[in-house]
Amino acid sequence: MGLKSHRWDPTTWRLKDFVNLDEIGPRMWTSFKENWYMGFTSFGGPPVHFKIFHDKYVSKLSWIDETVYQELFSICQAFSGPGSTKMHYCINLIRLGFPPAVLSFFLWSLPGALGMFGLAIGISNVGETLPRAVYALLSGLNAATVGIIALAAVQLAQKAITDKLTRLLVYLGAAAGLLYNALWYFPVLMLAAGVVAVVWDFRWLHGPVLWVVSKVKKGKVRDEEREVELREQRVPGGSGAEREVVREEDGKGTRERVSTGGDNADGQSQQQLRREEEEAEQRVVPRSHQISVMSWKSGLALIAAFLASFVAVMLTRGLIPANPLLYRLFSNLYLAGTIIFGGGPVVIPLLREYIVAENWVSPRDFLIGLALIQGFPGPNFNFAVYLGTLTAINGGYSGVLGGFLGFLAIFLPGLWTVHGTMGLWSAIRGWRWVKSLLRGVNAAAVGLIYTAVYRLWQIGWIDEGFSQGKSLADDPWWVVVTAGSYVGGAWFGVEPPVACIFGAVLGLVRYGVVEAQGY
């Protein structure tokens, strides 16, 4: 490829540095050539997208290595906004620079966004009910998507799990996500997992625990003779362990203690400690892997500018009660794009609160869009285009304007902040505690993907009268479709688009059987 990472620093800004006119043509062409089809073929939602990115950018193109991939995954999951879209943007930003990264974003997101816009136009022109065959097709899509996401979660967990600690954090992240759901909850879980990894890797509790254990032991051994006797008992007979009388002097006189194999064990323990510390030091990122996108000052300035824009939008929203409908739509989605942690699986219930609860879109239309977005390629955040279009049409405005505002408001916060974060990240990513923190965040983020599987499973079956959706477990047919999607991908290499078509066809088959039997 021969392309170097792009670097732009606004503090020393020059047009040729920002655009790099000598290389912009080849970079833009590379961006188009490698990304033009991904917006049409990346089905299955964020968990599957991450796997697609790994296969393409790490294994095939070698644009980034495994270390950088895992770091980007942790960053994009830990901060607000569309996780897979931010990761796709950051990979292209690191490799090709800013303008090609923007191009790659539009190539990635626009096909699905245009599809959801067309769907919204169609839904706005249908009656109150849909044919049951359509509901069956949508339910089949949902069932197949659950299997695809479950497989992606398993495969991502296999990469995130590197030891017993990360295995435990993946499990606890999934379990905690299943038991409770709130806007603040997911980022707190991921941060807590990162702190646990730091404490574990730096062995901050190792000393206090040993101190407590030693105090307990000393409490049981009251006199010096008993202490010597216990040490002698640790020496197995005939083991050849050395015994040595060591004289120790203190202010009260001279004491004798027995040096046995236990001292050798202590030495071995110290050697093990040193080995673990050396392994921890090796986790520091080599300079050959370091990312150079912009300076940390530039990154901090970008984040500060975003925070200023967010405050301005929210103040206007709160202080002016008679804002137009489209401004309220933009501000609600701008807020959603700012506070959503966990990516696509989390955005769905939040958008329900910000759109359906405002009576801008009916529950039925919301549920139809929810089912179809699972079968659309690209980011799940394109659901905001569908909702923005319907909101505008229902309010008497242009659907094109509503869809554009929805697209802009939901994607801009995440991309703006992650671009600034990359500047800060290039300055701190080599620190040991940062590496440990991301190791824990990464494990918890993977665990939370299993919550997306469960939540879609619980509302995947839609039909007449199911305004909120029903669990796929209520009918064995959908369980078989989900299992078939999982097995096909895991054992036979079936691609997600094929699995989605497979699920839709089986949904129609079920409809035909039910209708034939007169149910």
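Let me sum up the structure you'll find in this document. (Residues numbered from 1 in each chain as written. Predicted model: local features only at pLDDT ≥ 70, side-chain atom pairs only at ≥ 80, totals over all residues. Heavy atoms only, no water.)

For the protein, the helix and strand inventory stands at 22 helices and two strands. Per-residue burial for the protein yields a buried fraction of 50% across its 519 residues. Across the protein, every contact between residues at least 6 apart in sequence was considered, and the portion connecting residues at least 24 apart equals 74%. Surface summary for the protein: the accessible area is close to 25,000 Å², and the carbon and sulfur share equals 62%. (Helix = DSSP H or I, 4+ residues; strand = E, 2+ residues; numbered from the N terminus. Buried < 20%, exposed > 50% of the residue type's maximum accessible area, 1.4 Å probe, protein only. Contact = heavy atoms within 4.5 Å. Areas by Shrake-Rupley, 256 points an atom, 1.4 Å probe, with all protein chains shown as cover.)

With that settled, the discussion passes to the packing of helix H9 (residues 164-179) against helix H20 (residues 432-459). Following both chains from N to C, one finds H9 and H20 inclined at 40°, their axes separated by 7 Å at the closest point. In terms of their interaxial angle, H9 and H20 are classed as oblique. Of the two possible hands of crossing, H9 and H20 adopt the one that is right-handed. Touching Leu-165, Thr-166, Leu-169, Val-170, Gly-173, Ala-174, Gly-177 and Leu-178 of H9 are Arg-439, Gly-440, Ala-443, Ala-444, Gly-447, Leu-448, Tyr-450, Thr-451, Tyr-454 and Arg-455, all from H20. Looking at the contact of H9 with H20 residue by residue, the classes come out as ten nonpolar, six polar and two charged. (Axes fitted to C-alpha atoms, helices over the stretch in contact; angles between N-to-C directions. Parallel < 35°, antiparallel > 145°, perpendicular 65-115°, else oblique. Left-handed = near helix turned anticlockwise from the far one by under 90°. Nonpolar A, V, L, I, M, F, W, Y, C, P; charged D, E, K, R; others polar.)

This brings us to the environment of Thr-338. Considering the arrangement of structural elements, one finds Thr-338 in helix H15 (residues 325-339). For Thr-338, a relative accessible area of 13% translates into the label buried. Measuring from C-alpha to C-alpha, the distance between Thr-338 and Ser-80 comes to 5.8 Å, with 258 residues separating the pair along the chain. Beyond its immediate sequence surroundings of up to four residues, Thr-338 is in contact with Ser-80, Phe-306, Phe-310 and Pro-413. Here Tyr-334 takes part through its backbone oxygen, which lies 2.8 Å from a polar atom of the side chain of Thr-338. (Polar contact = N/O pair within 3.5 Å; in protein donor to acceptor, adjacent residues only side chain to side chain.)

Here the focus is a nonpolar patch on the surface. On the surface, a nonpolar cluster with roughly 480 Å² of combined accessible area is contributed by Trp-29, Phe-32, Trp-36 and Phe-40. Inspection of the secondary structure puts Trp-29 in helix H2 (residues 21-35). (Patch = residues over 30% accessible without salt bridge, like charges linked within 9 Å, V, L, I, M, F, W, Y side chains within 5 Å. Salt bridge = Lys/Arg side-chain N within 4 Å of Asp/Glu carboxyl O.)

Moving on, we come to the packing of H15 against helix H18 (residues 383-394). At a closest axis distance of 10 Å, the pairing of H15 and H18 adopts a crossing angle of 160°. Considered as vectors, H15 and H18 are oriented roughly antiparallel to each other. Relative to H18, the crossing made by H15 is right-handed. Across from Leu-325, Leu-326, Leu-329 and Leu-333 in H15, the residues of H18 making contact are Ala-384, Gly-388, Thr-391 and Ala-392. For the contact of H15 with H18, the class distribution of residues is six nonpolar, two polar and no charged.

Let's shift gears to the environment of Tyr-334. For Tyr-334, the position within the fold is in helix H15. Setting aside residues no more than four positions away along its own chain, Tyr-334 makes contact with Phe-306, Ser-309, Phe-310, Val-313, Ala-409, Leu-412, Pro-413 and Trp-416.

Turning to the side chain of Lys-86, a few remarks are in order. Secondary-structure assignment places Lys-86 in helix H6 (residues 83-96). Buried within the structure, Lys-86 lacks any salt-bridge partner; its nearest side chain of opposite charge belongs to Glu-71, at an N-O separation of 15 Å. A polar side-chain atom of Lys-86 sits 3.0 Å from the main-chain carbonyl oxygen of Cys-76. Each residue touching Lys-86, except ones within four places of it in the same chain, is listed here: Cys-76, Phe-79, Ser-80, Gly-81, Gly-414, Leu-415 and Val-418. (Lys, Arg positive; Asp, Glu negative; His and termini not counted.)

A separate point is the pattern of salt bridges. Evaluation of the coordinates by the stated rule reveals seven salt bridges. Across the pair Asp-163 and Arg-439 runs a salt bridge whose closest N-O atoms are separated by 2.7 Å. With Asp-163 in the loop between helix H8 (132-160) and H9 and Arg-439 in helix H20, this pair connects stretches of sequence that are 276 residues apart. Arg-439 sits in the buried class, given a relative accessible area of 14%.

Bear in mind that shape data such as this cannot, by itself, settle questions of function.
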